[in-house]
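Geometric and topological summary
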Amino acid sequence: MTETIEYPYSKNSALLGLILPLIFFALTFNNFLYAWDNGKVYIWVAILIANFVFISFFIFILLKRMIPALRNQVALEFNDEGITDYQRDIIIEWPDVKDISQEYGRSYSKLVIDLKQETDYGMQGMQIAISLRWVAGKDKEICETAMAYWEEVTGQ
């Protein structure tokens, strides 16, 4: 039996995710005050809609990423059964995995899992990509660990 490997939510990514909407909110609020002073109603509406989006994004990141990160909750887990992605509540069992690879992005990577048969999360030949943006740790090491774990469990 192999031991369970757990990766918590990233506090740094969550903090950055909270700061960006606040900066945009501050910038648009400053423009709102300018538009208010000059009586430009159509700009008020546009800015209020933008601020609603920024505040919604802030609340989402706070509830779904920052609070779990502060509580050191697990974001990604490898165990004898399979891979558990707690970010999206997905469990992929090892027998359903055809291949595991890493897909590189501009600022973060994805753990890409090719399925060999139909599951609750996709059809045969489909890929499931797990974002590593919100997972604490180095993306390459996480992907290498997933590949090694899969090979050890399945004997491939």
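The rules behind each value
- Residues numbered from 1 in each chain as written.
- Predicted model: local features only at pLDDT ≥ 70, side-chain atom pairs only at ≥ 80, totals over all residues.
- Heavy atoms only, no water.
- Helix = DSSP H or I, 4+ residues; strand = E, 2+ residues; numbered from the N terminus.
- Rg over C-alpha atoms; globule rule 2.2 N^0.38 Å.
- Buried < 20%, exposed > 50% of the residue type's maximum accessible area, 1.4 Å probe, protein only.
- Contact = heavy atoms within 4.5 Å.
- pLDDT = per-residue confidence, 0-100.
- Salt bridge = Lys/Arg side-chain N within 4 Å of Asp/Glu carboxyl O.

Regarding its fold elements, the protein chain presents three helices and seven strands. A compact globule built from 156 residues would reach a C-alpha radius of gyration of about 15 Å, whereas the protein chain, at 20 Å, exceeds it by more than 25%. Each principal axis of the C-alpha atoms in the protein chain carries an extent, and together these give about 70 × 30 × 25 Å. Across the 156 residues in the protein chain, those meeting the buried criterion constitute 36%. Expressed as a percentage of contacts within the protein chain between residues at least 6 apart in sequence, the contacts between residues at least 24 apart total 56%.

A few words on the confidence of the model for the protein chain. Detailed conclusions should not be drawn from predicted coordinates in areas where pLDDT is low. Here the protein chain averages 88 in pLDDT, while 94% of its residues score no lower than 70. Here helix 1 (residues 11-38) is the element of the protein chain with the lowest mean pLDDT, 86, and strand 2 (residues 74-78) is the one with the highest, 97.

The subject of this paragraph is the pattern of salt bridges. Counting across every chain of the model gives two salt bridges. Its salt-bridge partner being Arg88, residue Asp85 comes within 3.3 Å of it at the nearest N-O pair. Look at Asp85 and you get buried, because its relative accessible area is 2%. Residue Glu103 is joined to Lys110 by a salt bridge in which the shortest nitrogen-to-oxygen separation is 3.8 Å. Residue classification places Lys110 among the partly exposed residues on the basis of a relative accessible area of 28%.

Topologically, Asn51 is positioned in helix 2 (residues 41-70). Excluding residues that lie within four positions of it along the chain, Asn51 makes contacts with Phe25, Thr28 and Phe29.

What follows concerns unusual backbone geometry. Even without a glycine there, the phi angle at Asn72 is positive, about 55°. With respect to the helices and strands, the residue Asn72 is situated in the loop between helix 2 and strand 2. In this structure, Asp89 takes a positive phi of about 55° despite not being glycine. Within the fold, Asp89 resides in the loop between strand 3 (82-85) and strand 4 (90-93).

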